[in-house]
Amino acid sequence: IAANATAQQLDELEEDDDFCDDAFLAKYREQRISELKVKQKAKVHGEVVEIARDQWTREINAASNLSWVFVHLYEDHVRDCVVLNRVLAEIAKRHAQVKFVKIRAKTAVPDWPDGNLPAAYLYKDGEMRTQLVGSREIATGPPPFT
């Protein structure tokens, strides 16, 4: 109706009590605020947290029962790890509902080969769901789900 209405008809609609329902608008506003509060509560992380080996079970396995957990095994002397750490810091801000952690590869697994870095793991419900090892696999991503 409003798309083809004249200015006078629109003015008349504004004055029509049935068209301007303050109670409806107030209810809609409250509902929207409630939805935004729930969404904000889901954003509990927002940064990449460095963990130690003895924190793995609590910070990854247990935490994955509450949200997805992205794990990055890295070493500072591996260029692709440095780049991925920078990218993850930005992604973590935008996806605060996901927990992002990083751990030095040699801390997690003392004999982890640098050729398998960077390595990324995705955990949910206490289990590893995806693993990407090495720059090539991270660049191409996981295989399609079938």
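Everything here concerns the structure above.
Criteria and cut-off values
Residues numbered from 1 in each chain as written. Predicted model: local features only at pLDDT ≥ 70, side-chain atom pairs only at ≥ 80, totals over all residues. Heavy atoms only, no water. Phe/Tyr/Trp six-rings, centres within 6.5 Å; stacked < 30°, edge-to-face > 60°. Helix = DSSP H or I, 4+ residues; strand = E, 2+ residues; numbered from the N terminus. Buried < 20%, exposed > 50% of the residue type's maximum accessible area, 1.4 Å probe, protein only. Lys NZ or Arg CZ within 6 Å of the ring centre and 35° of its normal. Pairing = 2+ DSSP bridges. Axes fitted to C-alpha atoms, helices over the stretch in contact; angles between N-to-C directions. Contact = heavy atoms within 4.5 Å.

Draft legend 1. Examining the packing of aromatic side chains more closely. Counted under the stated rule, the structure contains two aromatic pairs. A ring pair is formed by Trp 56 and Tyr 123, whose centres lie 6.2 Å apart and whose planes are at 80°; its orientation type is edge-to-face. Of this pair, Trp 56 sits in helix 3 (residues 56-62) while Tyr 123 sits in strand 4 (residues 119-124), and the two are 67 residues apart along the sequence. Relative to Phe 100, the ring of Phe 70 lies with its centre 5.5 Å away and its plane at 40°, an arrangement referred to as tilted. You can see Phe 70 sitting in strand 2 (residues 69-74) and its partner Phe 100 sitting in strand 3 (residues 99-104), a full 30 residues away along the chain. Per residue, the accessibility class of Phe 70 equals that of Phe 100, and both read buried. Directly above the ring of Tyr 74 sits Lys 102, whose terminal nitrogen or CZ lies 5.4 Å from the centroid.

Draft legend 2. View of the pairing of strand 5 (residues 127-133). Pairing of strand 4 with strand 5 involves six bridges; the strand directions are antiparallel. Residue pairing in the sheet places Leu 122 in a bridge with Thr 130 of strand 5. The turn linking strand 4 back onto strand 5 is made up of two residues, and Asp 125 within it adopts a positive phi angle of 55°.

Draft legend 3. How the structure looks around the sheet that holds strand 4. The five strands are arranged 1-3-2-4-5 in an open sheet whose pairing can be described as mixed. Looking at the sheet topology across the chains shown, the edges are occupied by strand 1 (48-50) and strand 5. Averaged over all pairs of adjacent strands, the angle between strand axes in this sheet comes to 25°, irrespective of strand direction. On the sheet, helix 4 (residues 79-94) packs against strand 1, strand 2 and strand 3 and is oriented at approximately 160° with respect to strand 2.

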